[in-house]
Structure formats: C-alpha cells, structure tokens
Amino acid sequence: MPFLTHLECSKCGEKHAADRPQTVCTICGKPLLSRYDLEAVKAACNRDDLLRRPATLWRYREVLPVADDGNIVTLGEGFTPLLPANRLGEQLGLPRLMVKDESQIPTGTFKARGLAMAVSRAKEFGLRRLAIPSAGNAAGALAAYAARAGLETFIFMPQDAPDMNKKECDATGAHLYLVEGLISDCGKIVAGGKAAAGWFDVSTLKEPYRVEGKKTMGYELAEQLGWTLPDAIIYPTGGGTGLIGMWKAFAEMQELGWIGPDRPRMITVQSSGCAPIVRAFEAGAQEAEFWQGAQTVAAGLRVPAAIGDFLMLQVLRQSGGTAIAVSDTEILDEVRRLAQAEGLFACPEGAATVAAARHLREDGVLSADDRVVLFNTGAGMKYPEAVLGEYPVLDPRQTVDYGRF
Ligand SMILES: *Cc1c(COP(=O)(O)O)cnc(C)c1O
Ligand SMILES: [Zn+2]
C-alpha cells in the first residue's frame, strides 16, 4: 500500500531511500522532498473516494509517507474550516475573502499537521528520542504527539518564547530548555547533540516529513473549493513549510488529475521585525540573508534564517506572488479587527495576513474580484499577552448605575 517511493533533494535532485531515517541531502545539505508513485495512486483512488473518509488530514492517506497505518499518531488534526469572511472582506474591499482557520486544530496551531507526520514516521523508524529547536508552537505540537506516541522529547526554545508554549511542553512531559538567544541558536544546540546525546533532529525541513503534513492544507483548500484553487493565498511565513508544502500539493494534485494547471499567487507576509524573505524577494535574490536582531510579537515568524529560503523564493516568483512586511502595531490592531468583524480570535501570525491584504488591496495588487484566502495559522488563545485591556470593575454591594451602559 505505501506509495512513497523515495526522497529527492530539492536542490540537486539526488535520490535518497525513504525506508530509513533521513535528514537533509547527503550531497548538498538541502531539504529532501517525498516522491510518490502518483500513477499508482491514480489507479488506486480518485478524488470522489475522499468524500467517505473522516474529516482529518489522513483522508489524503495515499499521498502521505507513513507506510503502516499502525504507526499513525493522531489527535484528529486537519480538515479545518474554510470560512467566508464577508464582513471583513467588505471592509477591505475584497468581497470574496476567505479564512482557512487553523486555530481549530490540536495544540492550537497548524504545527500539529507537520508534527503528526514527523512523529508518526519517527515511530515507524523506531526512533525514541526527538529534539527540536522551536520558536514555540512546533515545540508544543512535538511535545503533544510525542507524548501520545510514548516518545521522549528535548525542546530548545528562546527564553522569551510565548508562555503558553512553555506550559504545553511542561504539561506533556517534554524536557524543556530555554535558550538565551534566537531559534537559530536553538538549532545549533540541537544539531550539535545529534551524535553526543543520541537524539533525532526534527527541525523544519531538516526532517523530511513535516512538510508532508503541512502540504495537506493545499489538498484541503482544493477539495473545499470544489477542486479549484483561489486567486491568491496570503501566508504568514517563518520556516516556509506551509508555502513549500502547498505548492508541492498543487503539483501532485495536477498529476493525479484532481485539479488543472491554474495556480494561486502565493504571497508571503512577515513582520517588519524579522523579514528575511521579504528582503530577499525585493532584492531579486535566490537565497535570504540572516536577519539580525529578529524581534516580533508573531513568534512563529521569528525565523531569522530558513534552510528552505530558496524554495520559498521560487514559489513566490513562479506563482507571480509577492512578499510584504507589516509592523507589530498593525498586527496587534488586526487581531482585534478580525475578531470584531468575524468572531475569529486569531494568533498574531494570522492577523498579519489581514494587514497584508489591506495593503495589497490599497496598492491594487489584489482586486475586488479576487478570491483571496488568508491563513489563520493558530489560535489567539495561545497568545494571551497579545490582547491587553483594562476592564471596568463593578461592586455588587453598590447600586448599579444603568445610565452608564
Ligand atoms: C510556525 C508558524 C508560522 C510559520 O509557518 P511556516 O510554515 O514555518 O512558515 C505561522 N504561524 C504560526 C502560528 C506558526 O506557529
Ligand atoms: Zn542535494
């Protein structure tokens, strides 16, 4: 039943065996991508078969890398709603606006998709000790899925990562270490310990299967839009797994005959406090340079250097998309605007897409008849510090002055 045939280097094309643990390309050090026998998948199932399957990302089973169903580690992730955003769309001048709402997923962010896949594969290979550098949400997701699989995890997170991420790792029994530095410093610690501490590194795109979990967002979008794709996708970009994964999903679906050749414009949004991909896109560069002093409330976007930078830049350019940076002040304003217009309490990363849509509509990059999908990549409830208010306090022993309401 496994349709996965091998892994292929995204840069040099070198093939690698998929029946044992792999990290990056042994020739050039770049990310490996899963390749499937899509002809066989095509013969085994068609898109209408999906209708009878459970509403999780595992409905795309044939194009997922796990060999044996018994190794699937799941908390019910995937098939999140694609919500029309009429009130917000009206405010922005984008009447066909939609939000893919990843807040409703286990662990509260879409990192669950990638880590469900990585942990399932780790279980399949008999790996017992997993390590991750994380800005926060990937750590929480790894900790949750590893707990469910009974695996041990070592987590390295910037000291100033969101509080909730520390708590979820703590609660699920991970070994949590706070690092006085950025995710890139955490990455160095993890890389250094592979041999010495005997752990497996599940960093974004250094582990080949997280991107396979994230690509299911592309499959879901197509299925939810009746096997069409939107005109534009605005994606809050850190390591870029989702962007790269969705683009891969579109190519696979076309080969399967599930969709045609039309592609959305893929649009990256980053915070102006950490925007290496935007800077590289604007400079016409093939790769991004390290972003010094990365700082933003949108913790998931605080990735100063990404191993998949060249792949993201390819996707943005091939799709005719663009890249835009927005400020933290705008991001925090949009958290409230989105919540007030649509009842969606988004994470700051998700709110960044609203700020981007606003700018791009004003600049005429997006037009009123575009079908635009914003990715709300996680729940606002994971970031209680992003909404700070002062609230009136009433004393029940005093007569209430109803004139005040
Ligand atoms: C990690 C993260 C992102 C960035 O995702 P990539 O696919 O790594 O670019 C966006 N939003 C949230 C909430 C995240 O945790
Ligand atoms: Zn290579």
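An account of the accompanying structure is given in this report.

Calculation criteria
Residues numbered from 1 in each chain as written. Chains lettered and ligands numbered in written order. Predicted model: local features only at pLDDT ≥ 70, side-chain atom pairs only at ≥ 80, totals over all residues. Heavy atoms only, no water. Helix = DSSP H or I, 4+ residues; strand = E, 2+ residues; numbered from the N terminus. Buried < 20%, exposed > 50% of the residue type's maximum accessible area, 1.4 Å probe, protein only. Near = heavy atom within 4 Å. Polar contact = N/O pair within 3.5 Å; in protein donor to acceptor, adjacent residues only side chain to side chain. Areas by Shrake-Rupley, 256 points an atom, 1.4 Å probe, with all protein chains shown as cover. Lys, Arg positive; Asp, Glu negative; His and termini not counted. Salt bridge = Lys/Arg side-chain N within 4 Å of Asp/Glu carboxyl O. Contact = heavy atoms within 4.5 Å. Pairing = 2+ DSSP bridges. Axes fitted to C-alpha atoms, helices over the stretch in contact; angles between N-to-C directions. Expected span 1.5 Å × (residues − 1).

### Some remarks on unusual backbone geometry
- Of note in this structure, Phe79 is not a glycine but carries a positive phi near 50 degrees.
- Structurally, Phe79 is set in the loop between helix H1 (38–44) and strand S4 (82–84).
- Its relative accessible area of 24% is what places Phe79 among the partly exposed residues.
- The backbone of Trp227 shows a phi angle near 60 degrees, a positive value even though the residue is not glycine.
- Inspection of the secondary structure puts Trp227 in the loop between helix H7 (210–224) and strand S10 (232–236).
- A relative accessible area of 14% places Trp227 in the buried class.

### Brief notes about the site of ligand 1
- Around ligand 1, a shell composed of 17 residues is seen, among which Lys111, Tyr235, Gly238, Gly240 and Thr377 lie nearest.
- In the model, an oxygen atom of ligand 1 is placed 2.8 Å from a nitrogen or oxygen of the Lys111 side chain.
- In this structure, Gly242 approaches ligand 1 through a main-chain N or O atom, which is 3.1 Å from an oxygen atom.
- When ligand 1 is considered free in solution it has 380 Å² of accessible area, and contact with the protein chains removes 97% of it.

### So, the side chain of Glu207
- Locating Glu207 in the fold gives a position in the loop between strand S9 (200–201) and H7.
- Despite being buried, Glu207 has no salt bridge partner; Arg210 is the closest side chain of opposite charge, sitting 5.6 Å away.
- Within the structure, the side chain of Glu207 is placed 2.7 Å from the backbone nitrogen of Arg210, a separation counted as a polar contact.
- Those residues in contact with Glu207 that sit more than four places away from it in its chain are Ala118, Phe200, Asp201 and Val202.

### Considerations on the sheet that holds strand S8 (residues 175–179)
- Within the open sheet, the four strands sit side by side as S8-S7-S6-S9. Their pairing is parallel. Each edge of the open sheet is held by one strand with a lone partner, namely S8 and S9.
- As defined by bridge partners, strand S7 (residues 152–158) adjoins S8 across five bridges and the pair is classed as parallel. The residue bridging Met157 from the neighbouring strand is Leu178, located in S8.
- Its contacts with the sheet place helix H5 (residues 163–171) against S7 and S8, and it is angled at close to 165 degrees to S7.

### As for helix H8 (residues 241–255)
- For H8, spanning 15 residues, the distance from its first C-alpha to its last is 21 Å, which sits close to the expected 21 Å at 1.5 Å a residue.
- A large share of H8 lies buried, amounting to twelve of its 15 residues.
- Burial in H8 covers these residues: Thr241, Gly242, Leu243, Ile244, Gly245, Met246, Trp247, Lys248, Ala249, Phe250, Glu252 and Met253.
- The positive-phi residue at the C-terminal boundary of H8 is Gly257, with phi of around 80 degrees.

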